[in-house]
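Structural characterization, general
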Amino acid sequence: MTLITQASPETVPLYVPYVGAREESYVQEAIASRKLDGPDGPFARRATTLLERYTGSPHALLAPSCTQALEIAAFLLDLEPGDEVIVPSYTFPPTASAFVLRGAVPVYVDCRPDTLNLDERLVEAAITERTRAIVVMHYAGVACAMDEIGEIAGRHGLPVIEDNAHGLTGSYHGRGLGSLGALGALSFQQTKNVQCGEGGALLVNDPALLERAEIVRDKGTDRCQYFRGEVDKYRWVDVGSSYLLSDMLAAFLTAQLEELPDIQRRRLGVWDTYHRELAGWAERTAIKTPSVPAGCTHPAHIYYLVPPDAATTGALLDHLAGHGVRAAIHFQPLHTSPAGRRYGRTAPGGCPVTERVAECLIRLPLYAGMTGAQVARVVDALTSFEPRGKESR
Ligand SMILES: *Cc1c(COP(=O)(O)O)cnc(C)c1O
C-alpha cells in the first residue's frame, strides 16, 4: 500500500463519535410510541437481544452507564465495610469506585507489560481473608488471562467481574468478553465503539444473580417480576437504586448495535493498517505497539504506542501536534491518585509497570469514520519521527 500524504490543514481528531443512518428514525419511533421508560420497552428488548447475541451472555440488562452497571455488580456482592476487591491500577476510576461506594477497599495490582492487563501472576499474593471479588478490565478489548484468573478465583471461591467497557465483540478462546466472569459491564459512552451518548449494560452470566440484579436496578423493587405476572403487586424488597435506561436511548443504541458489523469492519481496517505500516518504525525506535495473545480477538477499540521513556513520549506528542495529529495519553494509575490512596491500598510489590505505562502510553486517532487519507497522515507523521537519543548514538 502506498501512503499518500494530503496537504490538508485540518487536524486529525482523536475520535469522532459514530452516528449511522438509523439512529434518528429509531429515536423518532420511540418518541411516537409514547413508551420511553425502562426497563422493558420495545427498543430495550431489541438492544438486549443483540447484546446477548454479540457477547454470548445469557442475560443483558441495560443501564445508564458502565459505571452504574459496575455499581449493580457491587450491590450483588453484599460487601461489608473492610471487605476487599482486587482491581488493576491501570484502569478508569469506576473499576474501583463502584465498589468503594459499597464500603469495599480496592487492592491495586500491577499490569502485565505486554497487554497492560491485570497481571495474573500477582493476583494470588494480593488475596486476603477479606477478599470478596477479582475485578478485571480488558484493556483496549484484549482479554486478560481469564483461564489463569478463573483458576485462582475458583481456588479461593471468588467471583470474577469484568469491566468490559472496551471489549464488546472481543473474544477469548472463542468466548465473548463480558460473558466470562459472573458479571460483565459494558459502556456505550460516546468514546466507545458503540455509543448512545451515555449508556451501559450489565451482563449477568451467573443465573443465580439475575433476580437480584433486576431488583437492584429497579429501586430495590420486584417490579420486573410483577411485569412478568410472577407477583400480583410490586413492593420494596431489597436495597437498590435507579439504574434503568430510557427507551429513547435504547432506540439510539439499537441502531448502533445493528450497525456493529460495519463499525467493526471500519475500525479493524484502521487498526490493521496502523499495525502493518508502523511495524518497522516501531521496532527501529524501540516503541512498543499492542500485543494480542494467541486465542484472543479484539474490537479495535484503541491503538496505542508505548515509547521507552516519558521524554520520548513528550517529544512524540509534540511532533504529532506539529503535524496536525491529535494523540493522547490515557489512564493515570489509581494507586497513586488522591482518592485511590484514600480508599484503597496497593498490593505487595507495588505497581511499577503501571507507573511507567501511564507516563509513556499514547493513543492514536481511531474511529469508524476515519478516511484512508487520515490514517496515512497519522502514519506519515509517526514514521517521520526519530527519538532524540538516536542521532547522537
Ligand atoms: C469508559 C470506561 C468506563 C466507564 O464507562 P461509563 O459508561 O462512562 O460509565 C469504565 N471503565 C473503563 C475501563 C472505561 O474505559
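Residues numbered from 1 in each chain as written. Predicted model: local features only at pLDDT ≥ 70, side-chain atom pairs only at ≥ 80, totals over all residues. Heavy atoms only, no water.

The protein chain is annotated in an unreviewed UniProt entry as dTDP-4-amino-4,6-dideoxygalactose transaminase of Actinomadura craniellae. For the protein chain, the Sequence similarities (unreviewed entry) comment in UniProt is given as "Belongs to the DegT/DnrJ/EryC1 family." As stated in UniProt under Cofactor (unreviewed entry), the record for the protein chain gives "pyridoxal 5'-phosphate". (UniProt positions renumbered as here; feature names shortened; annotations may be inferred.)

1. Focus: the side chain of R112
Position of R112 among the secondary structure elements: in the loop between β3 (105-109) and α5 (123-126). A distance of 2.7 Å separates polar atoms of two side chains, one belonging to R112 and the other to D114. Sequence-distant contacts of R112, that is, excluding residues within four places in its chain, are made with N117, L118, D119, E120, R121, A145 and V353. (Helix = DSSP H or I, 4+ residues; strand = E, 2+ residues; numbered from the N terminus. Polar contact = N/O pair within 3.5 Å; in protein donor to acceptor, adjacent residues only side chain to side chain. Contact = heavy atoms within 4.5 Å.)

2. Overview of the UniProt feature "active site" (unreviewed entry) in the protein chain
As annotated in UniProt, the feature "active site" (unreviewed entry) corresponds to K192 in the numbering used here. Here K192 lies in the loop between β8 (183-187) and β9 (200-204). Not counting residues up to four positions away in its chain, the partners in contact with K192 are A165, H166, S187 and H301.

3. A short note on the pairing of β3
In terms of burial, β3 is a largely internal element, four of the five residues being buried. Traced from strand β2 (residues 84-88) through helix α4 (residues 94-100) to β3, the parallel crossover comes out right-handed. For β3 and strand β12 (residues 345-346), the ladder comprises two bridges, and the chain directions are parallel. The residue of β12 that forms the bridge with V107 is R345. (Buried < 20%, exposed > 50% of the residue type's maximum accessible area, 1.4 Å probe, protein only. Right-handed = clockwise from strand over helix to strand, strands pointing away. Pairing = 2+ DSSP bridges.)

4. As for the nonpolar core
Inside soluble globular proteins, nonpolar side chains tend to come together where they are buried. Membership of the largest hydrophobic core comes to 34 residues, with the highest contact counts inside it found for V85, F99, I161, L183 and L202. At the level of elements, β1 (60-63), α3 (66-76), β2, α4, β4 (131-137), β8, β9 and α7 (210-217) are the ones that each hand at least two residues to this core. One finds Y18, A30, A47 and L51 within the second-largest nonpolar core, a separate group that totals 28 residues. (Core = buried A, V, L, I, M, F, W, Y, C linked by side-chain atoms within 4.5 Å.)

5. Some points on the site of the ligand
Looking at the ligand, there are 13 residues lining it, with T67, D163, H166, S187 and K192 nearest. Between the ligand and C66, the relevant distance is 2.9 Å, taken from an oxygen atom to a main-chain nitrogen or oxygen of the residue. In this structure, K192 approaches the ligand through a side-chain N or O atom, which is 3.4 Å from an oxygen atom. Coverage of the ligand by the protein chains reaches 92% of its 380 Å² of free accessible surface. Put simply, the ligand lies in the largest pocket. Considered class by class, the residues forming the shell around the ligand number four nonpolar, seven polar and two charged. (Near = heavy atom within 4 Å. Areas by Shrake-Rupley, 256 points an atom, 1.4 Å probe, with all protein chains shown as cover. 1 Å grid on protein atoms, 1.4 Å probe; cavity = no way out; pocket = protein on both sides within 12 Å on 5 of 7 lines; lining within 4 Å. Sits in = over half its atoms within 2 Å of the grid points. Nonpolar A, V, L, I, M, F, W, Y, C, P; charged D, E, K, R; others polar.)

6. Re the UniProt feature "modified residue: N6-(pyridoxal phosphate)lysine" (unreviewed entry) in the protein chain
In the numbering used here, UniProt assigns the "modified residue: N6-(pyridoxal phosphate)lysine" (unreviewed entry) feature to K192. The class of K192 is buried, set by a relative accessible area of 14%.

7. With respect to empty space enclosed by the protein
Applying the stated criterion to the full structure yields three cavities of 30 Å³ or more. A volume near 80 Å³ is recorded for the largest cavity. Taken together, N164, A165, H166, G167, L168, L186, S187, F188, K192, N193, V194 and H301 make up the full set of residues lining the largest cavity. A per-class count over the lining of the largest cavity returns five nonpolar, six polar and one charged. Here the second largest cavity defines a volume of roughly 70 Å³. Around the second largest cavity, the lining comprises 13 residues; the ones closest to its centre are V16, Y18, K192, R267 and Y367. Class assignment of the residues belonging to the lining of the second largest cavity gives a composition of eight nonpolar, three polar and two charged. In this structure, the lining of the second largest cavity is formed jointly by two domains, domain 1 (23-258) and domain 2 (260-387), each of which donates at least three residues. (Points joined across faces, edges and corners; volume = space filled by probe spheres on them. Domains from an automatic or database assignment.)

8. Let's talk about the packing of helix α2 (residues 42-55) against helix α9 (residues 247-258)
For any two helices packed against each other, the geometry comes down to the angle between their axes and how far apart the axes lie. Running from N to C, α2 and α9 point in directions that differ by 40 degrees, and their axes come no closer than 8 Å. Considering the angle they form, α2 stands oblique to α9. The element α2 and its partner α9 pack so that their crossing is left-handed. Contact with α2, carried on its side by P42, F43, A44, R46, A47, L50, L51 and Y54, involves D247, A250, A251, L253, T254, L257 and E258 of α9 and no other residues of that element. Split into classes, the residues belonging to the contact of α2 with α9 amount to eleven nonpolar, one polar and three charged. (Axes fitted to C-alpha atoms, helices over the stretch in contact; angles between N-to-C directions. Parallel < 35°, antiparallel > 145°, perpendicular 65-115°, else oblique. Left-handed = near helix turned anticlockwise from the far one by under 90°.)

9. Quick notes on the domain arrangement of the protein chain
Each assigned domain of the protein chain is listed with its residue range as follows: domain 1 (23-258) and domain 2 (260-387). The straight-line distance from the C-alpha centre of domain 1 to that of domain 2 is 25 Å. Each side of the interface is counted separately: domain 1 has 48 residues, and domain 2 has 41 residues. A combined buried area of about 3500 Å² lies between domain 1 and domain 2, and 62% of that area is made up of carbon and sulfur atoms. It is Y90, Y108 and N193 that lose the most area in domain 1 upon contact with domain 2, and together they represent 21% of the buried surface on that side. Joining domain 1 to domain 2, the criterion identifies one salt bridge. Elements supplying a minimum of two residues to the side of domain 1 that touches domain 2: β2, α4, β3, α5, β6 (171-172) and α9. (Buried area = accessible area lost by both parts, 1.4 Å probe. Salt bridge = Lys/Arg side-chain N within 4 Å of Asp/Glu carboxyl O.)

10. Looking at the side chain of R267
Among the structural elements, R267 can be located in helix α10 (residues 260-285). The buried charged residue R267 lacks any salt bridge, with D272 as its nearest oppositely charged partner at 11 Å. A polar contact is formed between the side chain of R267 and the backbone oxygen of A300, at a distance of 2.9 Å. (Lys, Arg positive; Asp, Glu negative; His and termini not counted.)

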